[in-house]
Each structure stands twice: as C-alpha cells, then as structure tokens.
Amino acid sequence: MTVMKPTLVALSLAACLLPPLLAKDDSRPNVLFILTDDQSPFDFKFYNPQSTLDTPRLDQLASEGVIVDGAYHMGSFSGAVCTPSRHMIMTGRTLWHLPVGPDQGLCPPKIEEQTTGAIFKRAGFATMRTCKKGNSYAAANKQFEIVHDATKRGGTAETGSAWHADQVLDFLSTREKTADKKPFFIHFGFSHPHDTRDGTTELLEKYGATNHKDRNALPAANPRQPALPPNYLSAHPFDNTHMNVRDEVAVSGVWDNRDPQTIRNELGREYACSENIDIQIGRVLDKLEAMGELENTYIIYTADHGIAIGRHGLQGKQNLYEHTWRVPMIVKGPGIPAGKRVTGNVYLLDLLPTFCDLAGVQIPETVEGTSFKPVISGEKPIIRDTLYGAYCGGAKPGMRSVKQGDWKLIKYESADGKAHTTQLFNLADNPNELLTEHLDPKIIEATGIQPTPSQRNLAEDPAHAGDLKRMEALLLSEMRRLNDPWRFSNQPDDGLAMPEQGAKKPRRKKKQKAIK
C-alpha cells in the first residue's frame, strides 16, 4: 500500500476544506437585496393604482420584472416586529424555530453560520451590507465581509437614506477600481420609512407634509397630502391585545391621534421618505449599469413588514390586517420574465433559499423556507396554499391569522378575557377588510368609500358558519405544524400549559418536535 507523505496529506485535506477555486472571470450572477423598514405594499401604484406616491425607479423595476402579490411575513412574538422578521430573512427559518423567542431549543446551535452573509461568503461571493442598526440579527449581520450599519432617519443626505446608498456606491467603486470579478451579494437596507419619518425639504413640500413635532397641536392641512386610505378609521373598534404598544401611542408626529389631518400628514411624511428611497435605489442601479453589471444581477425588493398609518384606526405594525401582514416584493434578473404578476404565497423566510437557488448556491439543511424561483420563473403560481400569521407581543395568546384562497381568519384573545374577537373575511369581495364601523357616515365622508352589505366581518354570519369552522380547523392545524406555543380558549391545549399573562415563555408539558 502506498503511503502519502504527511505534507501531501495535509495539502490534500486542506484542498478538501477550502472552497472550490473560481475562474478569474466568475460569470455567476450577482444578488442585490433591497430591504426597507415598515412599508405597506398599498403605498405603491403597482399594488394600489390610487396611490399618489411617485417611485419611478421601482415602477420600472416592477415593469421589467415580476411583482409578487402574495408576499407575507410570518409574524412576531415581540412588539419589535422587525427583530423576528429579520431573523427569518437571514436564517430562512419559521417564526417559532428562531435563535430568539419562546423556545430557542427548536433552533440548531450556531445558526449564524448558516445565514445569508456566511453562506454567500463561503460560496466565493464578495459580500457587503448596509442597513439600520438594532432590532435585527447582529450575529448574522457580522458574517458579511463589509458591514456599514447605522440608523439614518433624518432629512439630509448624511442623516437619511442617501447615506445607505453611499455605502453601496463606495463598495461598487472599489470593486471597479480593483477589477474584482467575483460575484457579489449586497444587502442594501434602509432605515426609512420607519418613523421618525423626517423627509427632505423638497419631498415634504411635494407631499404637503411637515415634520410635525408639537403634540398639543394638529399639523397643517394641505391638499397635496395623500388621501386617507379606504379602510381608515378614527379608532380601532376593539382591543386587539396590544393597543398600548409604542407604535400606537408614541410615534412622533402622531402619538395617539387618528384624526384625518394627522394621518394625512403622516402619510405625506412617509411618501417623502419612500420617494427618497426610490431616488437612492436609482443611484445604485445607474452605477451597476455603468459598470456593465446590471444585466447579470438579480434584484429583489421588499420590506420587513407592512404598516398601518391610519388603516383600521391603527398606526403601527403590530397587527395582521393585509396592509401590515403583507409586504411589497419585486424580483428582476436573468431569466425572470418581464411585466408579470404572480400570487406566490411566499414568506420572507423563503428569501434565503430563493437567493441560493437563483445564484446556484447550495441551500443549507437548516433552512425551512422554500425557494420561490419556480413561481417567479413562471413554472407554477404558488409554493403553498395556506398562509399563517402570528402576533403576540402584548397579551397572550394574542393574534393569529390564516389565509387560504380568498378566505382569511383573524383571532384575537387575551388571557384576562378583555380581548376576544374573531374576524372572517372574503378578500375577493372585501380586499380592504372593511368592518361595520366603515359604514359610519363620518368615515364614508372622510374616505369616499361606501362599503357594500357583504363587505364586513363575516364571523358571526350564519351563512358562513361552515367557512368559519373550516378556517378555525385550518388555523389549529398550522399552529400545530409550526410549533406555535400558545392556544386559544376554543382550541385543545395539546399538552401545553398556558402561560401566565405577561409571561415571556410558555411552559410545555411535553416537548414538541420541530416540524418543517
């Protein structure tokens, strides 16, 4: 038997452990992932034709790529909805299987080594990120080779969204100067339009808004301000289990006010921030085009979750109505058909396997999401037929939602019994999830929307008792499948000891197996 010399053995082992050698001119596609903070899909004209928000670069991106109509985040166990959302994006794991949350034992150890930055760096990509700081996944963020994170929510180039674009442009300029031919993965994140929504002077003027700071006075009315949303209410009609969360009572410029003047001004501020984001995205796309790299780059645009801003009388992101549960999503790149709309039924946690699938990178076994490349390539309409959502950052069990086809159920419950409401909507007939409160003449006058008799909560309608029963059973099935640690009072406890009000963790009578 031939025995290799120790030096050759060592070299052979090293060769096995190192990533494969790449050609000098690596032709694999680049990935530009653009992530905004707190942005409803209904702000955009490509989701809501009545919107007055101008985003010409995103409109162009949408016309040249695919718009995903059914994109959602799975939810949150915290008032800081950004935190679990961004963990799901980075890990590709479901809500109850994260390294943060009620049962961290359902997440593999050292999961940060299987997150976006680490995966693409090992695959030989140049990796960089810029984004807000905090309410994220710090251990995963550090896996990128270049990190420029800072929270920028001001109205100037240095204090606002232009700063994030500058970091990406600096990276691209260095790449150009050094003739770096490795493919790149750029995480291009923004701090806006999350509050405080301090827009630039020019864009605030365009949308008739002011950076309102006086809690004891209303902002000035202006006809250039965006119209009220069709599902605007002056107050949410019932306790949703977390009505005192920071976003509902302490956002600068709004606080607990829900009058039309305040809401229209805040929407104007949001639009100013969103158009500025569009401008900054345009700067980066222009640079990629000048470098000759745009055509070989997949561009994915989305937000970490939606936002209310007056819809249903709410202000924040701690709810499961469509305006907040859904997220905007556009995908453009090599082989992606132009000008298409797809349903998809995707979660943000499906992004990581999709990135890998598009770029030809192996998907880690720790990932629980599903690549939606077949959807955006036109091979299939959806990747799942049922969508589940959760929010329990306040009272427990909190809120849950389930959607299948046109039907959607939302449940609200607190352990003290103060919150106990069920909603059933047919979204084909009632896409804005209008309630009986929207029949108030003052609301109709403010919005110009006259609901039809069927555009209401159908949960107590005997004609839809069968639909309610089916959706209740579907919700329980999803809660079990995904290891949801709480149950509602009309559900079996499944061996879970219901946590005390305000408890951070449920007490399990028996260990649940993690289910993908």
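Residues numbered from 1 in each chain as written. Predicted model: local features only at pLDDT ≥ 70, side-chain atom pairs only at ≥ 80, totals over all residues. Heavy atoms only, no water.

1. Describing the overall build of the protein chain
A count of helices and strands for the protein chain gives 14 helices and 17 strands. For a compact globule of 516 residues, the expected C-alpha radius of gyration is about 24 Å, and the protein chain comes in at 24 Å, within 12% of that figure. Projected onto its principal axes, the C-alpha positions of the protein chain cover 85 × 60 × 40 Å. Counting every position in the protein chain, which comprises 516 residues, the buried fraction comes to 59%. In the structure as shown, the protein chain presents an accessible area of about 20,500 Å², 54% of it carried by carbon and sulfur atoms. Seen as two clouds, the 62 positive and the 62 negative side-chain charges of the protein chain have centres 6 Å apart. (Helix = DSSP H or I, 4+ residues; strand = E, 2+ residues; numbered from the N terminus. Rg over C-alpha atoms; globule rule 2.2 N^0.38 Å. Buried < 20%, exposed > 50% of the residue type's maximum accessible area, 1.4 Å probe, protein only. Areas by Shrake-Rupley, 256 points an atom, 1.4 Å probe, with all protein chains shown as cover. Lys, Arg positive; Asp, Glu negative; His and termini not counted. Charge placed at Lys NZ, Arg CZ, Asp CG, Glu CD.)

2. Re the sheet that holds strand β15 (residues 420-426)
By definition, the strands of a sheet pair up through backbone hydrogen bonds, in either a parallel or an antiparallel sense. With respect to topology, 5 strands assemble into an open sheet ordered β4-β12-β13-β14-β15, the strand pairing being mixed. A strand with exactly one partner marks an edge of an open sheet, and here the two such strands are β4 (75-76) and β15. Contacting β12 (386-391), β13 (397-404), β14 (407-414) and β15, helix α14 (residues 465-481) crosses the sheet at an angle of about 110° to β13. (Pairing = 2+ DSSP bridges. Contact = heavy atoms within 4.5 Å. Axes fitted to C-alpha atoms, helices over the stretch in contact; angles between N-to-C directions.)

3. Some thoughts on the nonpolar core
Core analysis: the biggest nonpolar cluster contains 76 residues, and Phe 120, Phe 188 and Met 329 have the highest contact counts within it. Among the nonpolar cores identified, the runner-up in size contains 50 residues, and Tyr 72, Phe 77, Leu 409 and Phe 425 belong to it. (Core = buried A, V, L, I, M, F, W, Y, C linked by side-chain atoms within 4.5 Å.)

4. A word on the packing of aromatic side chains
When we look at a pair of aromatic rings, we describe it by the centre distance and by the angle of the planes. Throughout the structure, instances matching the rule amount to 15 aromatic pairs. Ring centres 4.9 Å apart and planes at 80° place the aromatic pair Phe 238 and Tyr 412 in the edge-to-face group. Note that Phe 238 is positioned in the loop between α7 (201-206) and α8 (246-249) and Tyr 412 in strand β14, a separation of 174 residues in sequence. The burial state of Phe 238 is the same as that of Tyr 412; both residues are buried. Three or more aromatic residues joined by ring pairs form one cluster here, namely Phe 33, Phe 120, Phe 125, Phe 144, Phe 185 and Phe 355. (Phe/Tyr/Trp six-rings, centres within 6.5 Å; stacked < 30°, edge-to-face > 60°.)

5. Quick notes on the packing of helix α2 (residues 56-64) against helix α9 (residues 260-291)
For the pair α2 and α9, the least separation of the axes is 7 Å and the interaxial angle reads 60°. By the criterion of interaxial angle, the relationship of α2 to α9 is oblique. Within the contact between the two elements, α2 uses Pro 56, Arg 57, Leu 58 and Leu 61 and α9 uses Asp 278, Ile 281, Gly 282, Leu 285 and Asp 286. Per-class residue counts for the contact of α2 with α9 are 5 nonpolar, 1 polar and 3 charged. (Parallel < 35°, antiparallel > 145°, perpendicular 65-115°, else oblique. Nonpolar A, V, L, I, M, F, W, Y, C, P; charged D, E, K, R; others polar.)

6. Remarks on the pattern of salt bridges
Scanning the model with the defined rule gives 36 salt bridges in all. Notably, a salt bridge pairs Arg 283 with Asp 166, separated by 2.8 Å at the nearest N-O pair. Residue Arg 283 is found in helix α9, and its partner Asp 166 is found in helix α6 (residues 161-178); the two are separated by 117 residues along the sequence. The partly exposed category is assigned to Arg 283, whose relative accessible area is 31%. Looking at Asp 166, the relative accessible area reads 28%, which means it is partly exposed. Where Arg 269 meets Asp 198, a salt bridge forms, and the shortest distance between an N and an O atom there is 2.8 Å. Here Arg 269, found in helix α9, pairs with Asp 198, found in the loop between β7 (184-193) and α7; they are 71 residues apart in sequence, far enough to count as distant. Residues joined in a network through salt bridges with shared partners are Asp 37, Arg 86, Lys 132, Arg 153 and Asp 304. (Salt bridge = Lys/Arg side-chain N within 4 Å of Asp/Glu carboxyl O.)

7. Quick word on the side chain of Ser 274
Secondary-structure assignment places Ser 274 in helix α9. Looking at Ser 274, its side chain comes within polar contact range of the side chain of Gln 39, at 3.1 Å. Not counting chain neighbours up to four residues away, the residues in contact with Ser 274 comprise Gln 39, Leu 53, Thr 55 and Pro 193. (Polar contact = N/O pair within 3.5 Å; in protein donor to acceptor, adjacent residues only side chain to side chain.)

8. So, the sheet that holds strand β5 (residues 126-131)
Strand order in this open sheet of 8 strands is β6-β5-β7-β1-β8-β9-β2-β10, and the pairing throughout is mixed. Each edge of the open sheet carries a strand with a single partner, namely β6 (146-149) and β10 (340-342). Each strand of the sheet is rotated relative to its neighbour by a mean of 10°, with strand direction disregarded. Strand direction decides the pairing type here: strand β1 (residues 30-37) and strand β8 (residues 297-303), joined by 7 bridges, are parallel. Bridge pairing in β8 links Leu 35 to Thr 302. Each of β2 (66-68), β8 and β9 (329-332) is contacted by α2, which is oriented at about 60° to β9, the strand it contacts most.

9. With respect to the confidence of the model for the protein chain
Of the residues in the protein chain, 91% reach a pLDDT of 70 or more, and the chain-wide mean stands at 93. Taken element by element, the protein chain is modelled with least confidence in helix α1 (residues 6-17), mean pLDDT 36, and with most confidence in strand β3 (residues 71-72), mean pLDDT 99. When the criterion is pLDDT under 50, residues 1-23 qualifies, and its contacts beyond four places in sequence or with other chains add up to 5 contacts. Residue range residues 499-516 is modelled with pLDDT below 50. Its contacts to residues more than four positions away, or to other chains, number 51 contacts. (pLDDT = per-residue confidence, 0-100.)

10. Topic: the pairing of β9
Every other side chain in a regular strand lies on the same face of the sheet, so the side chains alternate between the two faces. Burial of β9 is two-sided: the residues Met 329 and Val 331 facing one way and the residues Ile 330 and Lys 332 facing the other way are all buried. By the bridge criterion, 2 bridges tie β2 to β9 in an arrangement that is antiparallel. Within β9, the position partnered with Ile 67 by the bridge is Ile 330. Pairing analysis gives 4 bridges linking β8 to β9, with the strands arranged antiparallel. Bridge pairing in β9 places Thr 302 opposite Met 329.

11. Describing the environment of Glu 295
Along the chain, the position of Glu 295 falls in the loop between α9 and β8. A relative accessible area of 63% means that Glu 295 is categorised as exposed.

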